[in-house]
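Per-entry structural report
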Amino acid sequence: MIVTNKDLSEFNSLQIAVNAKYYIECKTDSDIEEAFQFTKKNKIKFLILGEGTNVVFTKPYDGLIIKNSFKKEKKINKNKVKVSSGYNWDRFVRFCIKNSLYGLENLSGIPGTVGAGPIQNIGAYGEEISDYIEHIEVFNLKTGNVEILNNMNCNFDYRDSLFKKYKHLFIKNVFFKLKEKFIANNSYQDLQDYRFKKASELRQRVLRIRNQKLENYLTKPNVGSFFKNPLINKKDLKKLLSEEADLKFYKHDALIKVSAAWLIERCNLKGMQFNKARVSKKHSLVFINEDKSPNSILKLKNKVKTAVSKKYNIRLEEEPTII
Ligand SMILES: Cc1cc2nc3c(=O)[nH]c(=O)nc-3n(C[C@H](O)[C@H](O)[C@H](O)COP(=O)(O)OP(=O)(O)OC[C@H]3O[C@@H](n4cnc5c(N)ncnc54)[C@H](O)[C@@H]3O)c2cc1C
């Protein structure tokens, strides 16, 4: 089952061509067990990979890539759903709506697997996956044990969770608690003009907006937003507003979330090209890569980071996993 020198260009949405020393596709429990035994025996590093839409490979991977294709179960019990992590996220959202279970419709169209959703607590249009997760079943690749983490233990935050730190926890199954009655969340600006009677209407609207605003990663290789929106305190906001009255920002608990796209645009970087990478003209947080090597995209993101830091003294933090 384990193959050597696997080209990963098809397995990451930036289409960067690096090789993995070892590669295994995990479809069953015994595949996951095999991956565990292999890393233990050979004492090598490993990386769990979903659909590769939120990773940036910077060099050949000198370990085992554990590709998640685990699709054992998708089971409904009243308003609760158990789903295996290898299913495609958007198809799962569609499945829930078809079965009259609601809450996830604003998260329609986010690429990737179900199992990667909790890692950065995927979010869009005023919703986050963590609001609907009851608990998560993981295979611990350090001990070989199966463990359950309830929602509180996952340390969910803005594009963050405990899984970003504990990379040895292979998410196997996610347990959702959904709503049986559809109540539209149209709090997001682009959705406010509509009265959605059905979840499917809201889903279609979200898919249309995403299609207009974002780049299709299949034709324009990208990882979605390259940076998180930076969080600043109220004192720094006041200072920033005195210089930039039209700054775009949102409240985030006790802090302020500043639009990273706005900062990048104000540095005149929208559409900027560097070698074979460029800042999208549609959305300045999206960087398009047309290079088989990671050099162009990494230099581009460093240039953007430096420009924003120089002008605003704000350090942008990368959203995808840099490997
Ligand atoms: C065009 C585009 C639009 C996007 N829009 C959004 C958006 O609106 N909101 C948003 O939040 N994100 C968005 N993203 C980012 C991305 O879709 C999500 O982060 C998604 O969850 C990644 O899924 P994946 O299966 O491709 O994960 P991968 O890229 O394969 O992996 C991402 C990380 O998760 C880890 N991982 C993956 N699976 C597992 C598992 N089973 N167990 C443990 N660790 C695992 C990996 O090791 C890696 O660190 C977008 C990306 C693109 C390309």
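As the structure is a prediction and not an experimental result, all values here were calculated from the model.

The next point concerns the overall build of the protein. In terms of regular secondary structure, the protein is built from six helices and 19 strands. Over its C-alpha trace the protein gives a radius of gyration of 20 Å, about what one expects of a compact globule, namely 20 Å for 323 residues. Here the protein holds 323 residues, and the buried ones make up 39% of them. Sequence-distant contacts, at least 24 apart, represent 61% of the contacts inside the protein between residues at least 6 apart.

To continue, consider the sheet that holds strand β15 (residues 255-258). The three strands lie next to each other as β13-β15-β14, forming an open sheet whose pairing is antiparallel. Sheet topology places β13 (231-232) and β14 (249-252) at the edges, where each strand pairs with a single neighbour. The pairing of β13 with β15 spans two bridges and is antiparallel. Bridging from a neighbouring strand, L231 pairs with K257 of β15.

Within strand β5 (residues 61-68), six of the eight residues are buried, which leaves the element mostly enclosed by the surrounding structure. Note that strand β2 (residues 19-26) and β5 share six bridges and pair parallel. Counterpart to Y22 in the pairing with β5 is L64. Here four bridges tie strand β3 (residues 46-49) to β5, and the two strands are oriented parallel to one another. What sits directly across from I48, in β5, is I66.

The next point concerns the pairing of strand β12 (residues 169-177). Judged by how many residues are buried, β12 sits mostly within the fold: seven of nine residues are covered. Taken together, the five bridges between strand β7 (residues 80-84) and β12 define a ladder with antiparallel strand orientation. By the bridge assignment for β12, K80 is matched with K177. Pairing of strand β10 (residues 133-140) with β12 involves seven bridges; the strand directions are antiparallel.

Counting residues in each nonpolar core, the largest one holds 82 residues, and the members touching the most others are I65, I66, F170, I264 and F287. Other than its neighbours up to four places away in sequence, F287 contacts N222, F226, A277, V279, S280, I297, L300 and K301.

This paragraph deals with the site of the ligand. Around the ligand sit 34 residues in total, of which G50, G112, G115, A116 and G224 are the nearest. Where the shell around the ligand is concerned, the elements lending two or more residues are β3, β8 (123-124) and β12. Here the residues of the shell around the ligand are counted per class, giving 17 nonpolar, 16 polar and one charged. Summarising the domain contributions, the shell around the ligand has at least three residues from each of domain 1 (3-68) and domain 2 (74-213).

Let us now look at the domain arrangement of the protein. Domain boundaries in the protein define domain 1 (3-68), domain 2 (74-213) and domain 3 (231-322). At the junction of the two partners, domain 1 supplies twelve residues and domain 2 supplies twelve residues. Elements that contribute at least two residues to the side of domain 1 that touches domain 2 include exactly α1 (29-42), β3 and β5. Among the elements that make up the side of domain 1 that touches domain 2, the one with the highest residue count is α1 (three residues). Among the residues making up the side of domain 1 that touches domain 2, the classes are represented as five nonpolar, six polar and one charged.

A positive phi angle, near 60°, is found at Q15, a position not held by glycine. Along the chain, the position of Q15 falls in the loop between β1 (3-7) and β2. With 18 C-beta atoms counted inside 10 Å, the residue Q15 sits in the partly exposed group.

A few words on the environment of N19. Topologically, N19 is positioned in strand β2. For the pair N19 and S9, spaced ten residues apart in sequence, the C-alpha separation works out to 8.2 Å. Dropping the residues within four chain positions of it, N19 is found in contact with N5, K6, D7, L8 and P60.

Ordered in space as β1-β2-β5-β3, the four strands form an open sheet in which the pairing is mixed. One side of each edge strand has no neighbouring strand; the edge strands of this open sheet are β1 and β3. Averaged over all pairs of adjacent strands, the angle between strand axes in this sheet comes to 40°, irrespective of strand direction. Bridging between β1 and β2 involves four bridges; their strand directions are antiparallel. Bridge pairing links T4 to Y22 in β2. Those strands touched by α1 are β2, β3 and β5, and its axis lies near 145° from that of β2.

About the criteria used
Residues numbered from 1 in each chain as written. Predicted model: local features only at pLDDT ≥ 70, side-chain atom pairs only at ≥ 80, totals over all residues. Helix = DSSP H or I, 4+ residues; strand = E, 2+ residues; numbered from the N terminus. Rg over C-alpha atoms; globule rule 2.2 N^0.38 Å. Buried ≥ 20, exposed ≤ 12 C-beta atoms within 10 Å, placed from the backbone. Contact = placed C-beta atoms within 7 Å. Pairing = 2+ DSSP bridges. Core = buried A, V, L, I, M, F, W, Y, C linked by C-beta atoms within 7 Å. Near = placed C-beta within 6 Å. Nonpolar A, V, L, I, M, F, W, Y, C, P; charged D, E, K, R; others polar. Domains from an automatic or database assignment. Axes fitted to C-alpha atoms, helices over the stretch in contact; angles between N-to-C directions.

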